[in-house]
Amino acid sequence: MFLLQQPSAEQINEFIAIQSQLELTYSSIGATRAPTPPDGFQVDHNRICLGQGRAVYEQARRALCDWQHFRLNWVSLHRPDALPEPGQTVAILAHALGLWVLNASRVVYTLEETEPVQRFAFAYGTLPEHAECGEERFQVEWRADDDSVWYDLYAFSRPQQLLSKIAAPYVRRKQKQFARESLQAMLSAVSKARN
């Protein structure tokens, strides 16, 4: 949803309530778990090493559960006051080029594994009032082979709304900006927790 002025908290809550009743906009639900993305989507895969050891992994897991990877100066996340779990609908509000863009997504899965790598992840998929169509996975992992802890951001998407199709090159730049800044937000969250 493209807006000329910033929506109020009440408007965002109403937007979430409406979107939570609607179906996801793509058929490959959960495909961010698969090694190959579905056809017809652009893929973004970004990673950053957050440090080493169990303590860093636990800090990163807490930061991810608290959606700290969305603490950016041009994006805000509106969500339930609860841990990410399947079925939760969230709103992502972005401000760019003088417009406010309100996007709706739903958590489609969470994942917790201990072998062969310890990892925690969740993914959300797009709802009808989202500029894009697709899925995005947010993951932290602790690798036993070298004790490293990583934040991994993986997404597949394609434009869904007319304005995002017209402005596709700009939208791609903003997606790449989000990825860079999300990686830095997680690094910062873990660094603050260590101090």
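What this report covers is the structure whose coordinates are included nearby. Every chain is numbered independently, its residues counted from 1 as its sequence is written. Local features in this predicted model are restricted to residues whose pLDDT is 70 or higher, and side-chain atom pairs enter the listing and the counts only when it is 80 or higher, whereas totals over whole chains, interfaces and linings include all residues. Water and hydrogen atoms were dropped before computing side-chain values, which therefore reflect all heavy atoms in the structure.

## Quick notes on the overall build of the chain
Inference 1: The way it works is that DSSP assigns letters per residue, a run of H or I at least four long becomes a helix, a run of E at least two long becomes a strand, and they are numbered from the N terminus. Along the backbone of the chain there are four helices and eight strands.
Inference 2: When the helices and strands of the chain are read in sequence order from the N terminus, they spell out β-α-β-α-β-β-β-β-β-β-α-α.
Inference 3: A compact globule built from 195 residues should have a C-alpha radius of gyration of about 16 Å, and the chain, at 16 Å, falls within 12% of that.
Inference 4: Along the three orthogonal principal directions, the C-alpha set of the chain runs to about 50 × 40 × 30 Å.
Inference 5: Counting across all 195 residues of the chain, residues that qualify as buried make up 51%.
Inference 6: Pairs at least 24 residues apart make up 65% of the contacts formed inside the chain by residues separated by at least 6 positions.
Inference 7: Reported accessibility uses the Shrake-Rupley method at a 1.4 Å probe radius. Residues are deemed covered only where the shown protein chains occlude them. Summing over all exposed atoms, the chain offers an accessible surface of approximately 9800 Å²; the carbon and sulfur share of this is 52%.
Inference 8: The sign given to each residue is positive for Lys and Arg and negative for Asp and Glu; His and the chain ends receive no count. Charge coordinates come from a single atom per side chain, which is NZ of Lys, CZ of Arg, CG of Asp or CD of Glu. Computed over 20 positive and 22 negative side-chain charges, the separation of the two mean positions in the chain equals 5 Å. For the radius of gyration, the atoms used are the C-alpha atoms, and the globule rule reads 2.2 Å times the number of residues raised to 0.38. Relative accessibility decides the category of a residue: with a 1.4 Å probe and only protein chains considered, values under 20% of the type maximum give buried, values over 50% give exposed, and everything between is partly exposed. Contacts: residue pairs with any heavy atoms within 4.5 Å of one another.

## Notes on helix H1 (residues 9-19)
Inference 1: Every buried residue of H1 is accounted for by Ile12, Phe15, Ile16 and Gln19. Around the axis of H1, the buried residues are gathered within 100 degrees of arc, so they sit on the same side. Exposed and facing more than 90 degrees away from the buried side of H1 are Glu10, Asn13 and Glu14.
Inference 2: Contact partners of the buried residues in H1: strand S3 (75-78), strand S4 (89-96) and strand S5 (99-113). This arc is built from the directions going out from the helix axis to the C-beta atoms.

## Some thoughts on the side chain of Thr89
Inference 1: Along the chain, Thr89 falls in strand S4.
Inference 2: The class for Thr89 is buried, based on a relative accessible area of 6%.
Inference 3: With residues up to four places along the chain from it excluded, the contact list for Thr89 reads Ile16, Gln19, Ser20, Pro80, Ser105, Arg106 and Leu127.

## Some details on the pairing of S3
Inference 1: Because side chains alternate across S3, one face comprises the buried residues Val75 and Leu77, and the other comprises Ser76 and His78, none of which is buried.
Inference 2: Pairs of strands are assigned from DSSP output, requiring at least two bridges between the strands. In this sheet, S4 lies alongside S3 in antiparallel orientation, the contact comprising four bridges. For Val75, the partnering residue across the bridge sits in S4 and is Ala94.

## Describing unusual backbone geometry
A negative phi angle characterises most non-glycine residues, just as the trans form characterises most peptide bonds.
Inference 1: At the junction of Glu115 and Pro116, the peptide bond is cis and its omega measures out at -5 degrees in the coordinates.
Inference 2: Of note, the phi angle at Trp67 is positive, near 60 degrees, even though the residue is not glycine.
Inference 3: Tracing the chain through its elements places Trp67 in the loop between helix H2 (54-65) and S3.
Inference 4: A residue is classified by how much of its surface remains accessible, and Trp67, at 3% relative accessible area, is buried.
Inference 5: With a phi angle near 55 degrees, Leu97 is a residue other than glycine that sits in the positive phi range.
Inference 6: Of note, Leu97 is situated in the loop between S4 and S5.
Inference 7: Owing to a relative accessible area of 68%, Leu97 belongs among the exposed residues under this scheme.

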